[in-house]
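# Structural features, examined
Chain by chain, the residues:
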Amino acid sequence: MREKTMLREFVDYIVSVAPRHNKQTLIVAASQTFGLKKDGKVYYTETFSVRFCHSKGQDGKFSGTVLALSKLQKYDSKPFLVVLTTSGENYVYLANTTFLNKISHSSKELREDNIVGSFLGSNIIRNFQDIENCADNVERLYAFHMDSTPEENLRRLVDSTNAIEAKGKKYQPDEIAKNNIFSSISRAIKFVKSKHFSDLCNDLHDRVEQCKEAILAAAHIENVNIRGRLIEVLICCDPAKRLELLREIRSMEQNIPRYKSENELADYVKSYPDVVSYTDVKTKVLYLKSNPKAYNIDKFLECMAFDSSVFMFYFVGVNEEGVACTALCSAYHRELVDATYIQHHWCGRNSRGVTQFNGECIESILNNAKFQNVIEEEQVNDYLHKLLSL
């Protein structure tokens, strides 16, 4: 049974024919129907895990303790559901760490190196990116969680729980910088039509060809974030580093080094006589739903404030057999701008936030054998004004 089908069958069962009101009766029935295994308060299968709760109310709201953060982290790599049974109906919420606003219970000492505290029912975010957290949207919401990392979520939860003031400062461009930011539109239009674009595209294609076998091996790593990070490292690092990684590829899953270019925003930076290209490599697993993270808005604006910068995404489509397709796409490509979410959920208070893509758009770009960048100046101009106004 495929993961998506089993998860959907379980969710549909809970909200349609499963017992109501009595939590223990529900647990017994669900366990017998789906072969749930028990680990303390958590019940799990190979494809999802669930915590059953009960409320006397009938509106789906509850504030009782759900689970310890340390326990949730154990199951956070797959859909984690909270099933709330009431006398009226059963409710299903997705409660992976992406969908928690903070840790509430016994969490005064919560730090990134000290995982303590539990979350309450009231800590589960009920509306995420204008998507209701409910049974109908479990798979759609989980796509957002797939492209977050445990480190990101923990850092955010520590911040929101302890009301830590953000260390960074919102980028404040002067007039010259603002002019350069808006002129980045014309730079991008010129770049995607130039020989430099073709050169960059060929360069990245050659890099992929040089490590195709390693990418095939990495494609079978179960952890989505580790898999994507390793593939991006293999493509962007220098030849000596790549050889080192190739020798160690079979043991890399638990200890993957973080390759960084000199620029924190992009994976690969390449200079041409009149322009500097910043390229972020994004791996898209074609058989899984996911909404990849894009960029930190402040860092993006600061980069575009240079008078020669252009920003690109190199999308790498991966299936069970390895690299299936690639596309070099401007950050200002029409479809990509339309499919960009502005996400404040991930950043500190003193930040414009980050952006995240609708994964279906990336699939569309990758599946288009005749893909060409289309940049509409008015659309991007409005988008940049929106980012600066945040």
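Just above sits the structure.
All of the points below concern the structure found in this document. (Residues numbered from 1 in each chain as written. Predicted model: local features only at pLDDT ≥ 70, side-chain atom pairs only at ≥ 80, totals over all residues. Heavy atoms only, no water.)

Across its full length, the chain carries 14 helices and 16 strands. A burial count over the chain gives 55% of its 390 residues as buried. Counting only contacts in the chain whose residues sit at least 6 apart along the sequence, the fraction spanning at least 24 positions is 70%. For the chain, the exposed surface amounts to about 18,600 Å²; the carbon and sulfur share of it is 46%. (Helix = DSSP H or I, 4+ residues; strand = E, 2+ residues; numbered from the N terminus. Buried < 20%, exposed > 50% of the residue type's maximum accessible area, 1.4 Å probe, protein only. Contact = heavy atoms within 4.5 Å. Areas by Shrake-Rupley, 256 points an atom, 1.4 Å probe, with all protein chains shown as cover.)

Under the counting rule described, the total for this entry stands at 16 salt bridges. A salt bridge links K282 to D280; the shortest N-O distance between them is 3.4 Å. Notably, a salt bridge pairs K284 with E363, separated by 3.2 Å at the nearest N-O pair. Taken together, the positions of K284 in strand 11 (residues 276-285) and E363 in helix 13 (residues 359-367) put the pair 79 residues apart, joining distant regions of the chain. E363 sits in the partly exposed class, given a relative accessible area of 22%. What emerges from the salt-bridge pattern is a single network uniting D199, D203, R207 and K270. (Salt bridge = Lys/Arg side-chain N within 4 Å of Asp/Glu carboxyl O.)

Attention now moves to the sheet that holds strand 15 (residues 340-343). Taken together, three strands build an open sheet; the order of strands is 12-16-15 and the sheet is antiparallel. Of all the strands in the sheet, the pair left with one neighbour each is strand 12 (293-296) and strand 15. Taking each pair of neighbouring strands and ignoring which way they run, the sheet shows an average axis angle of 25°. One ladder, built from two bridges, connects strand 12 with strand 16 (residues 354-357); its direction is antiparallel. Note on strand 16: the bridge partner recorded for N296 is V354. (Pairing = 2+ DSSP bridges. Axes fitted to C-alpha atoms, helices over the stretch in contact; angles between N-to-C directions.)

Once that is clear, we can look at the packing of helix 6 (residues 175-192) against helix 14 (residues 377-389). Between two packed helices, what matters for the description is the angle formed by their axes and the separation of those axes. Viewed as axis vectors pointing N to C, helix 6 and helix 14 meet at an angle of 145°, and their least axial separation amounts to 10 Å. For helix 6 against helix 14, the interelement crossing comes out right-handed. Mapping the contact onto sequence places I181, F182, S184, I185 and I189 in helix 6 and E377, V380, N381, L384, H385 and L388 in helix 14. Among the residues forming the contact of helix 6 with helix 14, the class breakdown is seven nonpolar, three polar and one charged. (Left-handed = near helix turned anticlockwise from the far one by under 90°. Nonpolar A, V, L, I, M, F, W, Y, C, P; charged D, E, K, R; others polar.)

The subject of this paragraph is the sheet that holds strand 1 (residues 37-39). One open sheet accounts for five strands, arranged 1-2-3-5-6; its pairing is mixed. Strands with a single pairing partner mark the edges of an open sheet, and in this sheet they are strand 1 and strand 6 (90-94). Going across the sheet, the axis of each strand differs from the next one's by a mean of 30°, ignoring polarity. Across the sheet, helix 2 (residues 23-34) is in contact with strand 2 (42-44), strand 3 (49-54), strand 5 (80-85) and strand 6; its angle to strand 3 comes to roughly 155°.

For H21, which is not glycine, the phi dihedral falls at a positive 75°. Considering the arrangement of structural elements, one finds H21 in the loop between helix 1 (3-16) and helix 2. Although it is not a glycine, Q129 adopts a positive phi angle of roughly 55°. Along the chain, the position of Q129 falls in the loop between strand 8 (127-128) and strand 9 (131-132).

For E89, the location among the structural elements is in the loop between strand 5 and strand 6. Linking E89 and H21, residues 68 residues apart in sequence, is a C-alpha distance of 7.7 Å. Not counting chain neighbours up to four residues away, the residues in contact with E89 comprise R20 and L84.

Attention now moves to helix 7 (residues 195-210). In this model, helix 7 (16 residues) spans 23 Å end to end at C-alpha, consistent with the 22 Å of a helix rising 1.5 Å per residue. The backbone nitrogen of H196 has a side-chain oxygen 3.2 Å away, supplied by the residue at the start of helix 7, namely S194. (Expected span 1.5 Å × (residues − 1). Polar contact = N/O pair within 3.5 Å; in protein donor to acceptor, adjacent residues only side chain to side chain.)

Our focus in this paragraph is the packing of aromatic side chains. The description of two aromatic rings rests on the distance between their centres and on the angle between their planes. Applying the stated criterion across every chain, the model contains 20 aromatic pairs. For the ring pair F191 and Y272, a centre distance of 6.3 Å and an interplane angle of 55° mean the geometry is tilted. Of the two residues, F191 is situated in helix 6 and Y272 in the loop between strand 10 (268-271) and strand 11; the sequence distance between them amounts to 81 residues. Each of the two residues, F191 as well as Y272, counts as buried. A network of ring pairs unites the aromatic residues Y295, F300, F311, F313, F315, Y332 and F357 as a single cluster. The aromatic ring of Y93 is capped on one face by R126, whose charged end is 4.2 Å from the ring centroid. (Phe/Tyr/Trp six-rings, centres within 6.5 Å; stacked < 30°, edge-to-face > 60°. Lys NZ or Arg CZ within 6 Å of the ring centre and 35° of its normal.)

When you tally the buried positions in strand 5, you get six out of six residues, the bulk of the element. Summarising the sheet, strand 3 and strand 5 pair through six bridges and their orientation is parallel. Considered in strand 5, the bridge of R51 is made with V82. As judged from the five bridges shared by strand 5 and strand 6, these two strands associate in the antiparallel manner. Its bridge partner being in strand 6, L84 is matched across the sheet by Y91.

All right, on to the nonpolar core then. Counting 70 residues, the largest nonpolar core has I235, F300, F311 and Y332 as the members making the most contacts within it. At eight residues, the largest contribution of residues to this core is made by strand 13 (residues 309-319). Ignoring anything within four residues of it in the chain, the contact list for F311 reads L265, A266, Y278, D280, Y295, F300, M304, S330 and A331. Listed in part, the 32 residues of the second largest apolar core include M6, V11, V83 and L141. (Core = buried A, V, L, I, M, F, W, Y, C linked by side-chain atoms within 4.5 Å.)

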